[in-house]
Amino acid sequence: MAERRAFAQKISRTVAAEVRKQISGQYSGSPQLLKNLNIVGNISHHTTVPLTEAVDPVDLEEYLSTHPLGVDAGPLRDLIEFPPDDIEVVYSPRDCRTLVSAVPEESEMDPHVRDCIRSYTEDWAIVIRKYHKLGTGFNPNTLDKQKERQKGLPKQVFESDEAPDGNSYQDEQDDLKRRSMSIDDTPRGSWACSIFDLKNSLPDALLPNLLDRTPNEEIDRQNDDQRKSNRHKELFALHPSPDEEEPIERLSVPDVPKEHFGQRLLVKCLSLKFEIEIEPIFASLALYDVKEKKKISENFYFDLNSEQMKGLLRPHVPPAAITTLARSAIFSITYPSQDVFLVIKLEKVLQQGDIGECAEPYMIFKEADATKNKEKLEKLKSQADQFCQRLGKYRMPFAWTAIHLMNIVSSAGSLERDSTEVEISTGERKGSWSERRNSSIVGRRSLERTTSGDDACNLTSFRPATLTVTNFFKQEGDRLSDEDLYKFLADMRRPSSVLRRLRPITAQLKIDISPAPENPHYCLTPELLQVKLYPDSRVRPTREILEFPARDVYVPNTTYRNLLYIYPQSLNFANRQGSARNITVKVQFMYGEDPSNAMPVIFGKSSCSEFSKEAYTAVVYHNRSPDFHEEIKVKLPATLTDHHHLLFTFYHVSCQQKQNTPLETPVGYTWIPMLQNGRLKTGQFCLPVSLEKPPQAYSVLSPEVPLPGMKWVDNHKGVFNVEVVTVSSIHTQDPYLDKFFALVNALDEHMFPVRIGDMRIMENNLENELKSSISALNSSQLEPVVRFLHLLLDKLILLVVRPPVIAGQIVNLGQASFEAMASIINRLHKNLEGNHDQHGRNSLLSSYIYYVFRLPNTYPNSPSPGPGGLGGSVHYATMARSAVRPASLNLNRSRSLSNSNPDISGTPTSPDDEVRSIIGSKGLDRSNSWVNTGGPKAAPWGSNPSPSAESTQAMDRSCNRMSSHTETSSFLQTLTGRLPTKKLFHEELALQWVVCSGSVRESALQQAWFFFELMVKSMVHHLYFNDKLDAPRKSRFPERFMDDIAALVSTIASDIVSRFQKDTEMVERLNTSLAFFLNDLLSVMDRGFVFSLIKTCYKQVSSKLYSLPNPSVLVSLRLDFLRIVCSHEHYVTLNLPCSLLTPPASPSPSVSSATSQSSGFSTNVQDQKIANMFELSVPFRQQHYLAGLVLTELAVIVDPDAEGLFGLHKKVINMVHNLLSSHDSDPRYSDPQTKARVAMLYLPLIGIIMETVPQLYDFTETHNQRGRPICIATDDYESESGSMISQTVAMAIAGTSVPQLTRPGSFLLTSSSGRQHTTFSAESSRSLLICLLWVLKNADETVLQKWFTDLSVLQLNRLLDLLYLCVSCFEYKGKKVFERMNSLTFKKSKDMRAKLEEAILGSIGARQEMVRRSRGQLGMYTIPSPSERSPSGSAFGSQENLRWRKDMTHWRQNTEKLDKSRAEIEHEALIDGNLATEANLIILDTLEIVVQTVSVTESKESILGGVLKVLLHSMACNQSAVYLQHCFATQRALVSKFPELLFEEETEQCADLCLRLLRHCSSSISTIRSHASASLYLLMRQNFEIGNNFARVKMQVTMSLSSLVGTSQNFNEEFLRRSLKTILTYAEEDLELRETTFPDQVQDLVFNLHMILSDTVKMKEHQEDPEMLIDLMYRIAKGYQTSPDLRLTWLQNMAGKHSERSNHAEAAQCLVHSAALVAEYLSMLEDRKYLPVGCVTFQNISSNVLEESAVSDDVVSPDEEGICSGKYFTESGLVGLLEQAAASFSMAGMYEAVNEVYKVLIPIHEANRDAKKLSTIHGKLQEAFSKIVHQSTGWEVGNVLVS
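Conventions we followed
Residues numbered from 1 in each chain as written. Predicted model: local features only at pLDDT ≥ 70, side-chain atom pairs only at ≥ 80, totals over all residues. Heavy atoms only, no water. Helix = DSSP H or I, 4+ residues; strand = E, 2+ residues; numbered from the N terminus. Buried < 20%, exposed > 50% of the residue type's maximum accessible area, 1.4 Å probe, protein only. Polar contact = N/O pair within 3.5 Å; in protein donor to acceptor, adjacent residues only side chain to side chain. Salt bridge = Lys/Arg side-chain N within 4 Å of Asp/Glu carboxyl O. Patch = residues over 30% accessible without salt bridge, like charges linked within 9 Å, V, L, I, M, F, W, Y side chains within 5 Å. Areas by Shrake-Rupley, 256 points an atom, 1.4 Å probe, with all protein chains shown as cover. pLDDT = per-residue confidence, 0-100. Contact = heavy atoms within 4.5 Å. Pairing = 2+ DSSP bridges. Phe/Tyr/Trp six-rings, centres within 6.5 Å; stacked < 30°, edge-to-face > 60°. Lys NZ or Arg CZ within 6 Å of the ring centre and 35° of its normal. Core = buried A, V, L, I, M, F, W, Y, C linked by side-chain atoms within 4.5 Å. Axes fitted to C-alpha atoms, helices over the stretch in contact; angles between N-to-C directions. Parallel < 35°, antiparallel > 145°, perpendicular 65-115°, else oblique. Left-handed = near helix turned anticlockwise from the far one by under 90°. Nonpolar A, V, L, I, M, F, W, Y, C, P; charged D, E, K, R; others polar.

(A) Examining the environment of R1040 more closely. Along the polypeptide, R1040 turns up in helix α28 (residues 1039–1059). What makes R1040 buried here is its relative accessible area of 3%. Taking the C-alpha atoms as reference points, R1040 and L991, 49 residues apart in sequence, are found 9.5 Å from one another. A polar atom in the side chain of R1040 sits 2.8 Å from the side chain of E987.

(B) Geometry of the pattern of salt bridges. Scanning all chains against the criterion turns up 80 salt bridges. K1337 is the salt-bridge partner of E1478, the closest N and O atoms lying 2.9 Å from each other. Of this pair, E1478 sits in helix α47 (residues 1462–1497) while K1337 sits in helix α41 (residues 1322–1338), placing them 141 residues apart in sequence. Residue classification places E1478 among the buried positions, given a relative accessible area of 3%. Its relative accessible area of 21% is what places K1337 among the partly exposed residues. The salt bridge partner of R1462 is E1466, with a shortest N-O separation of 3.7 Å.

(C) Expanded view of a nonpolar patch on the surface. A grouping of V700, L701 and V705 is seen on the molecular surface, where their side chains present a nonpolar patch of about 200 Å² in accessible area. For V700, the position within the fold is in the loop between β26 (683–688) and β27 (718–728).

(D) Layout of the confidence of the model for the protein chain. Averaged over all residues, the pLDDT of the protein chain equals 78, while 75% of them reach at least 70. Contacts of residues 414–420 to residues separated by more than four positions or lying in other chains number 20 contacts, the stretch itself having pLDDT below 50.

(E) Highlighting the pairing of strand β4 (residues 281–289). For β4, a buried count of nine out of nine residues is recorded, marking the element as mostly surrounded by other parts of the structure. Of the two faces of β4, the one carrying I281, A283, L285, L287 and D289 and the one carrying F282, S284, A286 and Y288 are both buried. Where β4 lies against strand β8 (residues 340–349), nine bridges are found, and the strand directions are antiparallel. Across the sheet, L287 pairs through a bridge with L342, a residue of β8. Relative to strand β6 (residues 300–302), β4 runs antiparallel, the two being bridged by three bridges. Among the inter-strand pairings, S284 is bridged to a residue of β6, identified as Y301. Note: β4 against strand β5 (residues 294–295), two bridges, orientation antiparallel.

(F) Fine view of the packing of aromatic side chains. For the coordinates displayed, the defined rule picks out 43 aromatic pairs. Between F818 and F1011, the ring centres sit 4.9 Å apart and the planes meet at 40 degrees, which makes this aromatic pair tilted. A residue pair is termed long-range when its members are at least 10 positions apart, and F818 in helix α20 (residues 814–831) and F1011 in helix α27 (residues 1008–1025) qualify at 193 residues. The exposure class assigned to F1011 is buried, which follows from its relative accessible area of 0%. Seen in terms of ring centroids, W1009 and F1010 are 5.8 Å apart; in terms of plane orientation they differ by 85 degrees. Their pairing is edge-to-face. Aromatic rings pair up to connect F818, W993, W1009, F1010, F1011, F1012 and F1077 into one cluster. Above the plane of the ring of W124 lies R94, whose end atom (NZ or CZ) is 3.8 Å from the centre. Across from the ring centre of F282, 4.1 Å away, lies the NZ or CZ of R395, which sits over that ring.

(G) Spatial organisation of the nonpolar core. Counting residues in each nonpolar core, the largest one holds 351 residues, and the members touching the most others are W993, L1078, L1081, Y1242, I1246 and L1329. Filtering out sequence-adjacent residues up to four positions away, W993 remains in contact with F818, A1004, A1008, F1011, F1012, M1015, L1048 and I1052. Counting 49 residues, the second-largest nonpolar core is a separate cluster that includes L287, I333, F365 and V409.

(H) Molecular detail of the packing of helix α43 (residues 1353–1369) against α47. In contact at an axis separation of 10 Å, α43 and α47 are set at 160 degrees when each is read in the N-to-C sense. With respect to α47, the axis of α43 lies roughly antiparallel. Crossing of α43 over α47 shows left-handed handedness. Of α47, the residues touching α43 (which contributes L1360, L1363, C1366 and V1367) are N1480, I1483, T1486 and L1487. Looking at the contact of α43 with α47, its residues break down into six nonpolar, two polar and no charged.

(I) Summary view of unusual backbone geometry. The phi dihedral of N230 is positive, around 55 degrees, even though this residue is not glycine. Structurally, N230 can be placed in the loop between α10 (216–228) and β3 (263–274). With relative accessibility at 82%, the residue N230 sits in the exposed group. One non-glycine residue, S607, lies in the positive phi region at around 50 degrees. Exposure remark for S607: the relative accessible area of 13% places this residue in the buried category.

Written out as structure tokens, the structure reads:
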């Protein structure tokens, strides 16, 4: 890296591309990994392809056919080829809601009705990619399935979680103190106490066979087996997926088209009770929207009369059908609002007198007074009885009331009870509507639903309410119209309602209102069909009430519905002569003019027959101009004729019984013909009324026509207002659609002339009319277009596929249909924005393609493929493509084409000629023309194709699909008996799309996804019907179709490239559509061809990238594109994972695998293969095409020199992460052998990530209080750290610097380049590293080992640096951290911050520095640039020293649920613990491979230090017990294989290892302790075996202990004591060394350590007791007899303590001992005569000085590195100590001793001829002797012992 960066500096910054070109020429001899500058091994022929360009893909089909499958069955077989059942075409019956499907009863139907019915009943035609769910779009990591995969994880034990809290820990310590004997109970300075404690400890379990001599290979094998057992199979199941929005490659399966329902409301009518019961009352319910002034449901009629009351009507009413006895109804409300009312209207039997009179008894009589008014009531009853007898079939309006629906819903919703009872009355007393709630009705459990906040209009989740309506208003005879009703309803909402002043009719109507259950039983549709789950036909049903939505609803029809609603509104007979006062209207639906022709199609109301032939309106007494409020519902016949009409007959009803007066007298007639010019007549009518019966043949005319000799009311003026409304899935109600369907059906039937509207269209005019009707579809209303969408698209597609023959000419409608489709789908897209998915696909259209679309059948009159045929008999001929079509598709051709047929320039002389030219002189027995099959290998366009046997294959499928039929049309007989063929839809579609231009092309591009998906489904169906789903892929489609596809893809790619800056949103959609299209094609087409299409797209992008200043947007689009293509479920198979990198079969010149000059490999071919597997070489990128593209994108984007791509790091890393995690969870690859093949596709990833080391987030920079080394990048940072004990204090206690594990050297490479690199965010780095670990875990070990063997030392060190980083990255954070943070680091809110930062950081400058700096403080995401890395920048940061942290403060609470439950924290910790363990075990596996590499090659020992560094680092991190056991096993093996490594080369690491082992010896977990003590014991043993003593380990262990005890906060001596005891036990049991001095030396060491341990711990306790403290210091210093540096430190510490307390004599003695110690070692180092010989020289000062002599056998020679290296172990150091000692003696008044000290000093100064010093000394001596003379008491020198 370093030399390259410096090199790169010299280049003037031209375009990046130029640089690449220049350099790839000059560059050679790079280490293999420096692929960065697009150097890929210069293979012979110099076919290097830079990484920024795509290579030629392998011809996959060719490859598979030439490399037969080497594997039979089994998991690997799936990697080689797609499974045979990959694609299935399924016809699945559509779900029918009702028990019998809704179809018309008539058997004869016109073509349009037949098509509609087929469209509503045929099976769904679904193409299933059986394995689609295994693609990355459905990766369980990104779905909620992650939790399932994490079930059954073992709980990992971590010391940090086990560690007791401070308080309990303290108690434990006190307890220990009480148990261990007090120091005062033992003789001062004795070891007895300490040994007593040690002997009483229990050792941990010993490891079996630890001391056996086992060969290293065997040990490795055992370790390996143990490591590999019980491992977690899926690494990614433990790793949270990176935060993404919905992954771009996920395409949800569209919803099945189904009938539309709004929010559903169940209304149950329980009882209706008046104060008096004298006659039957009839009720109806309907919903009204006041604001829209619209009735929004049909009427629901119900009858709550008692049997007795019903009995009064028996003569008039036929027996009631059960369907009319419903008392509960389900209403649907699509647009709930505050303006919806439930209106209840009551009617009674007609009687004499107006409404007011008839209502009077109901107002004045009270139920309580029944006995008082008995007579009056009897009289009323008998009157009522008479009226029922006489007028039982007529009704009159009676009363009404309304309920404000949303009040009920919202008040019920807010109640906590199970159900609510609301009474509604017009309490006159308060002058307000009182709504009294009580819970007297309990019991009906509410349906379990949740209220959705404050949305008062939500009808799905309120509590069921029971209402009691107590007041009704009597109907005013002159205010019956809907207009009046809306005024009343609006008024009801005002506080001062007019209605309040009216006198009410008191009654009690009880109704229940609740949300409708999902699937209620016993339900009837509006057509009275039984909805499924109708167990018993005798049960009272619930009626579904048809909704008339307040605004348009855009949902395609899916069921047959054909209803007509008639609303008589008003009649004006004011000017009619004669008596006509009590007027009723009889309505009949007639199919002819005879009175007997009335059809029984009028729905009954309540308690009557299901259907009747007539309906009567209610009578308003004595009113010549009545209003009506009836709704008459009619079931329309499916096929209407000109004779169907509505007949209205007006009657005068005589209420009084008079002699000779008939009950009813007809007083007028009028009618409405149902069809007008073939269209259903609906709308508002104001009809004239005739006084006499209409004449013959009236029904085909309208009553507005003045028929001769007829008498009309009021001079033929309109006097009767009526509205007719239809709800029909047969009648479109749109003139443009009607015309289009009529013309298409006319063609079908060959019925000319066609009558449409007022026009008669002759055959010769048909073509123009058809075309104009197709283009006029644009003008139609959107609502009907959507309702008939399926049929409309089917018909347009049919016209493309089977061009009709009109007047002997073949008319090509492909272009017109294509344009129409494009404009229709764009209208839907623009107007129905709520229906789009994340890719902008409209759900109505996508479900049409997925479920409805199928290929129309090939021949007229035959059923279409699959169930249900499309279209009836048609005279269609086929237009083959012109034989002279140019071979290179000229895109401007379409301008010169004939307007009717873009396929032919000019028209052929006659169809016969054309047909003959196609057929040539060949035999005519072929059932299918070549157009369909393309011959064996489709002939070039210019030549006549020869027919082949293949074309007959199409007939193989059962004959029912393509029944042959005879033609009758004279024209077709001229075709010499040849059957017509059809065009193939996908071919035609591709052609039309390629040749279209202008606005049509634009609208097709806007919705490209639609045409792409249509095309793919058409291709699959075509293959299915021609039995080609198993055919070889190369022969599936003709060449010209493939050319069209190639042209299409190429032009669309260039659109993307040229327009991405202008139409961003459109281009994003187009880009994803194209990618999904290619993904689909991989399943059906020649895959090599599809690869070449991908290459085309890549080429277009690359060529554009060179010229862009800021490429990131375009590269981002390309990433989306690639990610979608690679989400294919057989992505692995497409990459040929089983192929070895032989020179691929590819169009490029053959590429031999001769050695590349630029790779650092040995020159044989075998190695080249290995190298090719690990670098993005051309063979690799060709063979593993898609994987090559993915890794290339990664390499290019993370390349530090890539300009402007910084913002894409996260995106490209997520793509790789997503692929790998998908493979990881894929059941097809669960077999380890298979997974290794998959991992092989990603081997270059290792190299790419090694390249990024300097840019990765630095996870190692963390300070921890767990006594772990402080890792500092040395050149970056020098200051006090924020650890708990400052560095200097630690050094003082330890007497040495803490071993500094600097960041591995190569991490600092950045400094050499002088250019700043953007670091990746923590999240991106983590994702990259988990990918690396996955590859290392799953790749074949032998392959890895071979590659490691080839790597240079520099590169292997790079790899080790990477592993070192991984250790820190996946370190277990600890349960406490999870609890403290309680919200994980990488969540959305922070993610936004990262995105923002990544955006800002794109450019370097002050802004960036600021963002970086703030990052450094919050330590959250990305690290600061190397120059300002602060030690607190860990993944979470050690935040303790910050006053606040954004994540912790309130502003986040609303965005995230902050407080996780205990269980969630436990689960998080469990996952994290398992991830840490697995990650570290993978690292350990890799280290083992590296070590084996060294053993095998017997070179590169230099990297073992790196291996050790990683091992030690992992020991220093927070690890689980499981990992540590394996880690210690590996460490023991490493030391036994390379003992000299530790004891001679990496001595610093030896110190570190001792520290780590000792730290784990004091672990609270016994398994960790027993492994750590075993390792420590073996370390001593090996050290002893090398040189018969183990002074080095002894000293290092002693130093480590002092460091550990001094720096570790929560250190537990009890645990360490047990480990020491274990070591002792090993020494006792070690038979082999029993005869040597080893066991004794171990015992000494252990006792010594134990002593230091006890004393250091006690020192902490006796901080306040100076004598005790000094005593302990003395004992500790004694314990450090074998490590001079430490002893010196402690002696000096003691001197310091004495001086503080002015014990100068004692201080002086300590200093003398220090000087003696130094002298002892100096004499070993330097042979200078004038220096003291050793401690003997100091005997005169103190006889105890001999303690400092270095004579024992385990003294380490002072020339060892790291020994006696302090500043005191020098001549000047010695001089300093002696001068201090002299000064102290002087202060203590011990002047004789001063003289003795100077005796040692004088020779040194004399040797150095330092006169100045000598003069000072002699001055001091003079003073001393003078003092002695003056002293009256003399001192005996030397009798003072060192205290």
